[in-house]
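Inside the fold
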Amino acid sequence: MTTSATFNEISRLLAQYGTPETDTPITPDVPVESFQLDSLELLEFMMALEEVFQIELDTDTLREDMTLAELQEQIEQRRETTGPSSKRHSAT
């Protein structure tokens, strides 16, 4: 997935789970907190990111004060270092 495709997917998911504070366009410098996600919505958003990008995130990875560009960078780093989620590859 390209960088712009990653950003577009993050934006789509945020719009699905949150409500923007204003009608301002979604840009890389917009903080996650501007989507007014409650704790359950934030968790659901994080789980959707894991599913779409096939990565594992922990609660420390996704902070409300981070910008979409920072979130995108975290996702791309996880994809490069961990590859597909190990959840799908567990044997038992």
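Counting restarts for each chain, with residues numbered from 1 along the sequence as it is written. Totals for whole chains, interfaces and linings use every residue, but because this is a predicted model, local features are given only for residues with pLDDT of at least 70 and side-chain atom pairs only at 80 or more, for both listing and counting. With hydrogens and water set aside, each side-chain value is computed from the structure's full complement of heavy atoms.

The next point concerns the overall build of the protein. Across its full length, the protein carries three helices and zero strands. Reading the secondary structure of the protein in the N-to-C direction produces α-α-α. When a residue's accessible area, from a 1.4 Å probe over protein chains only, is under 20% of the maximum for its type it is buried; when over 50% it is exposed; and in between it is partly exposed. Relative to its 92 residues, the protein shows a buried fraction of 34%. Residues are treated as being in contact if the distance between any of their heavy atoms lies within 4.5 Å. Counting contacts in the protein only where the partners sit at least 6 residues apart, residues at least 24 apart contribute 61% of the total. A total accessible area of about 5,700 Å² is found for the protein, and carbon and sulfur atoms account for 50% of it. Secondary structure elements follow DSSP: runs of H or I no shorter than four residues count as helices, runs of E no shorter than two count as strands, and numbering proceeds from the N terminus. For every accessible area listed, the method is Shrake-Rupley and the probe measures 1.4 Å; residues are considered covered only by the protein chains on display.

Close approach of charged atoms lets side chains of opposite charge pair. What counts as a salt bridge is simple: a side-chain nitrogen of Lys or Arg found within 4 Å of a carboxyl oxygen of Asp or Glu. Following the criterion strictly, the structure yields three salt bridges and no others. Here Arg-12 and Glu-9 are joined by a salt bridge, their closest N and O atoms 2.4 Å apart. Taken as a pair, Arg-12 and Glu-9 lie in helix α1 (residues 3-17) at a separation of three residues, close to a single helical turn. Taking relative accessible area as the criterion, Arg-12 reaches 42% and is therefore assigned partly exposed. The exposure class assigned to Glu-9 is buried, which follows from its relative accessible area of 18%. Its salt-bridge partner being Asp-65, residue Arg-63 comes within 3.0 Å of it at the nearest N-O pair. Residue class for Asp-65 comes out partly exposed when judged on its relative accessible area of 49%.

This part is about the nonpolar core. Here, nonpolar core refers to any group of buried Ala, Val, Leu, Ile, Met, Phe, Trp, Tyr and Cys residues whose side-chain atoms link them within 4.5 Å. Counting residues in hydrophobic clusters, the biggest one holds 21 residues, and the most contacted among them are Ile-10, Val-32, Phe-45, Leu-49, Leu-62 and Leu-71. Of all the secondary-structure elements, those providing two or more residues to this core are α1, α2 (39-53) and α3 (68-82). Sorting elements by how many residues they give to this core places α2 first, with six residues. If near-sequence neighbours (up to four positions away) are discounted, Phe-45 is found in contact with Ile-10, Leu-13, Leu-14, Tyr-17, Leu-37, Leu-62 and Leu-71.

Now for the confidence of the model for the protein. Values of pLDDT, which run from 0 to 100, indicate the predictor's confidence residue by residue. The pLDDT averaged across the protein works out to 84; a share of 85% of its residues lies at or above 70. Predicted confidence for residues 85-92 stays below pLDDT 50, and this span has eight contacts to residues more than four positions away or in other chains.

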